[in-house]
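Next come the chains, spelled out residue by residue.
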Amino acid sequence: MKVTNHGAKNRKLHKKDYLQMVSTESKEYVEVLIHEKIAENNHLITDFQDAELLEKILERNNLNKAYKKVKSNKGSGGIDKMSVDELLTFLKDNKTALIKQIREGKYKPNPVRRVEIPKEEKGKVRKLGIPTVVDRVIQQAITGVLSPIYEKQFSENSYGFRPNKSAHGALKKCCKNVDEGYTYVVDMDLEKFFDMVCQSKLIEILSRTIKDNKIISLIHKYLNAGVINNGMFEKTEKGVPQGGPLSPLLSNIMLNELDKELTKRGHRYVRYADDLMIFCKSKRGATRVLKSIIVFIEKKLFLKVNTDKTVVAHVSKVKFLGYTFYRYKGKCRLRVHKKSINKMKQRLKELTKKSNGWGNEYRILKLKQYIIGWLNYYRLADMKGILKRTDEWLRRRIRAIYWKQWKRVKTRYRMIRKYNLPLWKVHEMANCRKGTWRSTMMLNSVLTNKEIVNLGYMTMTHYYLKICEN
């Protein structure tokens, strides 16, 4: 792995510099940070209490599990351009040296590669930081050991990035709260959470549980590793790079402080990563809760609440994890939110473009993969009517693809004759001069619903009725 001198210089953070940086973040917080455990200079680290924890991370079986996890996740390479396929050879040649560097506290992670993914809102992007594949293995090894330790501390109302927890569990808990009379919610939005995490606060929280200072130092190095953006190195003095195996665990450790505060105050809440819903029995009570919890989030955790997106509303007016809520016969039920429906239809449009150059078999495969994934996620929702209309629209787009492929009259004549229609009908359809979309209405008698299924295309309604949980 190649690291530029410039990058290493910028990533090096001595104790004196670190405390100066913290003082600018918050005067109130300096007292907490005068702590030798978080020193980046490894010569200052002494007397750690749990040396076995580092050995567990570097243990052969744990490293093998970490490698297999990274390998199965695939993904693109980091700044060194090493691919997952090249990883095994590199680790065989350099494993001993890497383990020695980590054990001695001398390992320096590479900066992450900046990748920007468009958000639903126009012009906004989600910033990801892609670590090198070697750093991903080390991060995964750390996560594999620390995750069971912190699982004992995490709240049962936290559902994101946790074993045996899921978005479906979070949604079911929301419905349970609503059924018990908590019909008003604080729909909390933390502004750019992963980019705004106060690293000094996170290190202090980690140090309460993890007494091995070399592990704390290694995690701190990952936080400070920096970013390569368009070939330029940028420091990362705050935030948790979103994209590595360690980020989800660190985000849960940080927000577990919020969970503990909400539990201490006796509030009902459901959290999935940085998406938070606090349930109350009245709008007035929810407004009061919002005002008080904003103070804790901003003054104690040094995070920022997005007041434009944070709302107090009846549960039927909010969106959570792509779903929305409604009541039927006194019970809380789920629907797919309009934005999620629109996003799904947009994706189906992309998959059924007539000009994307795909063969029919490949298109059938991609459609099947997307539909199965989408329906498995939204299987808790009531949407039979929506899916029926979507199927009709999707079949019409499929017919348009085949009509476009049969663009010559003689081709249309030959293809339509296969369906045993009268010759006059075949002649009429083959010589049709209407536009593609209007012509698809005629194809109902040729490419029937049953015929489209026989070709291999999937019916959303049929699959949904097999897996739905409502």
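On a predicted model such as this, the values are computed, not experimentally measured, just so you know.

Regarding unusual backbone geometry
Non-glycine residue Ala273 carries a positive phi angle of around 55°. One can find Ala273 in the loop between strand E6 (268–272) and strand E7 (275–280). Residue Ala273 is classed as buried on the basis of its relative accessible area, which comes to 9%. Although it is not a glycine, Lys329 adopts a positive phi angle of roughly 55°.

A closer look at the packing of helix H14 (residues 338–351) against helix H15 (residues 360–377)
Put simply, H14 and H15 touch, their axes get as near as 10 Å, and they point 170° apart. Taken together, H14 and H15 sit at an angle that is classed as roughly antiparallel. Where H14 crosses over H15, the two elements pack in a sense that is right-handed. Between H14 and H15, the contacting residues are Ser340, Ile341, Lys343, Met344, Arg347, Leu348 and Leu351 on the first element and Arg363, Lys366, Leu367, Tyr370, Ile371 and Trp374 on the second. A class-by-class count of the residues in the contact of H14 with H15 yields eight nonpolar, one polar and four charged.

Quick word on the sheet that holds strand E2 (residues 125–130)
Hydrogen bonds between backbone atoms are what pair the strands of a sheet, whose relative direction is either parallel or antiparallel. In spatial order, the strands read E2-E1-E4-E5; together these four strands make up an open sheet with mixed pairing. Each edge of the open sheet is held by one strand with a lone partner, namely E2 and strand E5 (232–234). When strand polarity is set aside, the average angle formed by the axes of neighbouring strands in this sheet is 40°. Across two bridges, the pairing between strand E1 (residues 112–118) and strand E4 (residues 227–229) is parallel. When the sheet's bridge partners are listed, Val112 is paired in E4 with Val227.

A word on the pairing of E1
Relative to E2, E1 is paired through six bridges, and the arrangement is antiparallel. Paired with Val115 across the bridge in E2 is Leu128. The turn linking E1 back onto E2 is made up of six residues, and Gly123 within it adopts a positive phi angle of 80°.

Things to note about the packing of aromatic side chains
With the rule as written, the count across this model stands at 10 aromatic pairs. Judged by centre distance (6.2 Å) and plane angle (25°), the rings of Tyr150 and Phe154 are stacked. Ring centres of Phe161 and Tyr272 lie 6.3 Å apart, and the angle between their planes is 45°; this geometry places the pair in the tilted category. Of this pair, Phe161 sits in the loop between helix H7 (133–151) and helix H8 (167–179) while Tyr272 is found in strand E6, placing the two residues 111 residues apart along the sequence. According to the relative accessible area criterion, Tyr272 is partly exposed, its value standing at 23%. Through a chain of ring-to-ring contacts, the aromatic side chains of Tyr323, Trp374, Tyr377 and Tyr378 assemble into a single cluster. The ring of Tyr326 has Arg335 lying over it, and the distance from NZ or CZ to the ring centre is 3.7 Å. When the ring centre of Trp403 is taken as reference, the NZ or CZ atom of Arg412 above it lies at 4.0 Å.

Overview of the packing of helix H10 (residues 199–209) against helix H11 (residues 213–223)
Where H10 meets H11, the closest approach of the two axes is 11 Å, and the angle between their N-to-C directions is 160°. As far as their axial angle goes, H11 and H10 are roughly antiparallel. You can see that H10 and H11 cross each other, and the crossing is right-handed. Between H10 and H11, the contacting residues are Gln199, Leu202, Ile203, Leu206 and Ser207 on the first element and Ile216, Ile219, His220 and Leu223 on the second. Partitioning the contact of H10 with H11 into residue classes produces six nonpolar, three polar and no charged.

A short note on helix H5 (residues 60–73)
Think of an α-helix as turning once every 3.6 residues; residues three or four places apart then point the same way. Here H5 is 14 residues long and its end C-alpha atoms lie 20 Å apart, about the 20 Å a rise of 1.5 Å per residue gives. For H5, the full list of buried residues reads Asn62, Leu63, Ala66, Tyr67 and Val70. Seen along its axis, H5 keeps its buried residues to an arc of 140°; they face one direction. Residues of H5 that are exposed and angled more than 90 degrees away from the buried face: Arg60, Lys65, Lys68 and Ser72. A positive backbone phi angle near 55° is found at Lys74, which sits one or two residues after H5.

So, the pattern of salt bridges
Inspection of every chain in the model, using the stated rule, returns 17 salt bridges. Of the charged contacts in the structure, one is a salt bridge between Glu180 and Lys176, with a shortest N-O distance of 3.1 Å. Classification of Glu180 as partly exposed rests on a relative accessible area of 35%. Among the charged side chains, a salt-bridge network with shared partners connects Lys201, Glu204, Arg208, Glu257 and Lys260.

About the cut-offs
Residues numbered from 1 in each chain as written. Predicted model: local features only at pLDDT ≥ 70, side-chain atom pairs only at ≥ 80, totals over all residues. Heavy atoms only, no water. Helix = DSSP H or I, 4+ residues; strand = E, 2+ residues; numbered from the N terminus. Buried < 20%, exposed > 50% of the residue type's maximum accessible area, 1.4 Å probe, protein only. Axes fitted to C-alpha atoms, helices over the stretch in contact; angles between N-to-C directions. Parallel < 35°, antiparallel > 145°, perpendicular 65-115°, else oblique. Left-handed = near helix turned anticlockwise from the far one by under 90°. Contact = heavy atoms within 4.5 Å. Nonpolar A, V, L, I, M, F, W, Y, C, P; charged D, E, K, R; others polar. Pairing = 2+ DSSP bridges. Phe/Tyr/Trp six-rings, centres within 6.5 Å; stacked < 30°, edge-to-face > 60°. Lys NZ or Arg CZ within 6 Å of the ring centre and 35° of its normal. Expected span 1.5 Å × (residues − 1). Arc of directions from axis to C-beta. Salt bridge = Lys/Arg side-chain N within 4 Å of Asp/Glu carboxyl O.

All quantities given are derived from atomic positions and should not be read as evidence of function.
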